[in-house]
Amino acid sequence: MPQIRVVDVSHSFHTEQGDFPVLKPLDFIIEREQFLSILGPSGCGKTTLLKILAGLIQPSAGGIQHEIDGEAVDDLRVGMMFQQANLMPWRTIVENVLLPLQLKTPRLHRSVMVARAISILETVGLCGYENMRINEISGGMAQRVALARAMIHDPQLLLLDEPFGSLDALTRESMGEELLRVWQTHKKTVVMVTHSVSEAILLSDRVIVFSRRPSSIVLDIEIKLPRPREAGIRYSAEFSEYSAMIHTSIAQ
Amino acid sequence: MSRWRSPVAAYTALVVILLSSWYIFTAVGQYPDFILPGPALVWQRFQTALMKGRLLFHFLVTLWEVAAGLCLGTFFALITGYLLSKSRRLENFLSPVLVASQAVPIVAVAPLLIIWFGPGLFSKILVCSIIIYFPVLVNVVAGLKSVPTDLQNLMTSLNANRKQKLVWLEIPATLPYFFTGMKVGATLSVTGAVVGEFLGADKGLGFLINVARGQYDTALVMAIIIILVLFALVLYYLVVLIEKIMVRWKE
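**Student:** Before we move on, can you summarise the sheet that holds strand E9 (residues 206-210) of chain A with the specific residues and values?
**Tutor:** Strand-to-strand pairing in sheets goes through backbone hydrogen bonds, with the strands running parallel or antiparallel. Residues and elements named next belong to chain A. Spatially, the six strands line up as an open sheet ordered E6-E7-E8-E3-E9-E10, and their pairing is mixed. Bordering the open sheet on either side are strand E6 (78-81) and strand E10 (217-222), each of which pairs with just one other strand. Sheet twist, expressed as the mean angle between neighbouring strand axes with direction ignored, is 15°. For strand E3 (residues 35-39) and strand E8 (residues 189-193), the ladder comprises four bridges, and the chain directions are parallel. Bridge pairing links Ser-37 to Met-192 in E8. Its contacts with the sheet put helix H5 (residues 139-151) on E6 and strand E7 (157-161), and the angle it makes with E6 is roughly 170°.

**Student:** Break down the interface of chain B and chain A for me, with residues and values.
**Tutor:** The interface is formed by 17 residues belonging to chain B together with 22 residues belonging to chain A. Regarding the contact of chain B and chain A, the summed buried area is about 1,900 Å², with carbon and sulfur atoms giving 66% of it. Ranking the residues of chain B by area buried against chain A places Leu-158, Trp-168 and Trp-249 of chain B at the top, with a combined share of 36%. The tally of links between chain B and chain A comes to zero salt bridges. On the surface where chain B and chain A come into contact, there are four residue pairs in polar contact (both at pLDDT 80 or more). Of all elements in the fold, only helix H7 (149-157) and helix H8 (162-199) of chain B reach the threshold of two or more residues within the side of chain B that touches chain A. Looking at the side of chain B that touches chain A, the element that brings in the most residues is H7 of chain B, giving seven residues. Residue composition of the side of chain B that touches chain A, by class: 10 nonpolar, five polar and two charged.

**Student:** Explain the nonpolar core to me, and be specific about the residues and the numbers.
**Tutor:** If you look at the biggest cluster of nonpolar residues, it comprises 86 residues, and the most contacted ones within it are Leu-159 and Val-191 of chain A. With 12 residues, helix H6 (residues 121-145) of chain B is the single largest residue contributor to this core. Excluding its chain neighbours within four sequence positions, the residues that come into contact with Val-191 of chain A are Ile-30, Leu-36, Ile-38, Leu-50, Leu-53, Leu-157, Leu-158, Leu-159 and Leu-160 of chain A. Counting 53 residues, the second largest nonpolar core, distinct from the first, contains Met-81, Leu-203, Val-209 and Leu-219 of chain A.

**Student:** Can you explain the packing of H8 of chain B against helix H10 (residues 218-246) of chain B? Please cite residues and give values.
**Tutor:** Residue and element names in this part refer to chain B. For the pair H8 and H10, interaxial distance at closest approach is 9 Å and the crossing angle is 165°. Taken as axis vectors, H8 and H10 run roughly antiparallel relative to one another. The crossing of H8 and H10 is right-handed. Where H8 approaches H10, its residues Leu-175, Pro-176, Phe-179, Met-182, Lys-183, Ala-186, Thr-187, Ser-189, Val-190 and Val-194 are matched on the opposing element by Leu-228, Phe-231, Ala-232, Leu-235, Tyr-236, Val-239, Val-240, Ile-242, Glu-243 and Met-246. Of the residues assigned to the contact of H8 with H10, the class counts are 16 nonpolar, two polar and two charged.

So, how was this worked out
Residues numbered from 1 in each chain as written. Chains lettered and ligands numbered in written order. Predicted model: local features only at pLDDT ≥ 70, side-chain atom pairs only at ≥ 80, totals over all residues. Heavy atoms only, no water. Pairing = 2+ DSSP bridges. Helix = DSSP H or I, 4+ residues; strand = E, 2+ residues; numbered from the N terminus. Axes fitted to C-alpha atoms, helices over the stretch in contact; angles between N-to-C directions. Contact = heavy atoms within 4.5 Å. Buried area = accessible area lost by both parts, 1.4 Å probe. Salt bridge = Lys/Arg side-chain N within 4 Å of Asp/Glu carboxyl O. Polar contact = N/O pair within 3.5 Å; in protein donor to acceptor, adjacent residues only side chain to side chain. Nonpolar A, V, L, I, M, F, W, Y, C, P; charged D, E, K, R; others polar. Core = buried A, V, L, I, M, F, W, Y, C linked by side-chain atoms within 4.5 Å. Buried < 20%, exposed > 50% of the residue type's maximum accessible area, 1.4 Å probe, protein only. Parallel < 35°, antiparallel > 145°, perpendicular 65-115°, else oblique. Left-handed = near helix turned anticlockwise from the far one by under 90°.

Now the structure itself:
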């Protein structure tokens, strides 16, 4: 599992009216198998940082360094989840899930890919749905499929961009618990952007709060709740303390 | 109304109404055959042209021109469509040129193509491909541009190369748009081939119309027009059928 160094990363958007700074220089380390959540006001550059981590955009300055067991590597296997499920409507559920395998290991026999996809669909509770079409399933199910797709190629880094932002409150809570369960069995380095403080505390080892644009870090705390966690931990006193602390820092 | 729910029944009724009003019109009016022949005469003329004349040969010539023109036009539309959607600069440069080219009627360009490429099949194939090029191109560009950004990001985050993006994302996402263009193009292509044949050819249905018209063989002209209509219809529904098979997920 890798360690990720964010080294003096800053970013500005170039527009005709001039440069808009989005991220002030950021410098921090994401430890291996850490579940890191990033919170902050809308439009503060959280998603931009995620895209930089995914290699989708080049930061204006600075860079990302990956290390696996102390050795520098160029690229990581990345799994990504978006605000919308972002599935391909022309593929069935199982075909959507095995897409990363088709791209990463095209030589693998199709039956092996299908078998792997089905087994990961089981872990997200979608056993028996594999041949359904995307337009036949609910939003919550679609996000489970997206989670399965993000995990199937055993990514070294999982990037979640408000993964449950488009779901209703109840589905959202249960999906958070689902993710907690999956992550506790398949430990990975995770960076999640979210708007939900309780989701962040429930899932994370560490929470970073961004300020308004141009963003800098206003809070960087470890969540020392015991693991494995369960949904009931939301009602504990420590949970409320963390929640209060994070809420105050966002309000600043 | 329930009797008209089946489209087959409705179409049969429409055809019967058209044919019978045509028949009554000619029977009452007693027009000379070279002005307006009745359906029976047209049918008779069709049969003799098919059995004793070379109607089938001329039809096959037109069919070949249309098929080749469709393939050629679609091929170039796909390639330019892909390039245009990939390069903003190329698109900005070429868009006005392409739109301007549409302002020139094909009937005006066709004689030039016949002068340059001769009265043979090739000039007809060219006319045909030019006429279908634009609708296919416009739809392919629109399709490629409609590919969701997040899916593109997903592919990039999985280090997909250009070919993988094309095969797994861009082609499937563009197919519905492509078929919309093909439906327009397929019907236009018949017009294209006939226009080409009209202006200079020694075979094909367009040529045959010209000959029949010169001989005041109005029955044959009408028979060929009906054949052309049916031909375009079959082509259209062929595209619809292929679309149904390839784009099942849209339903």
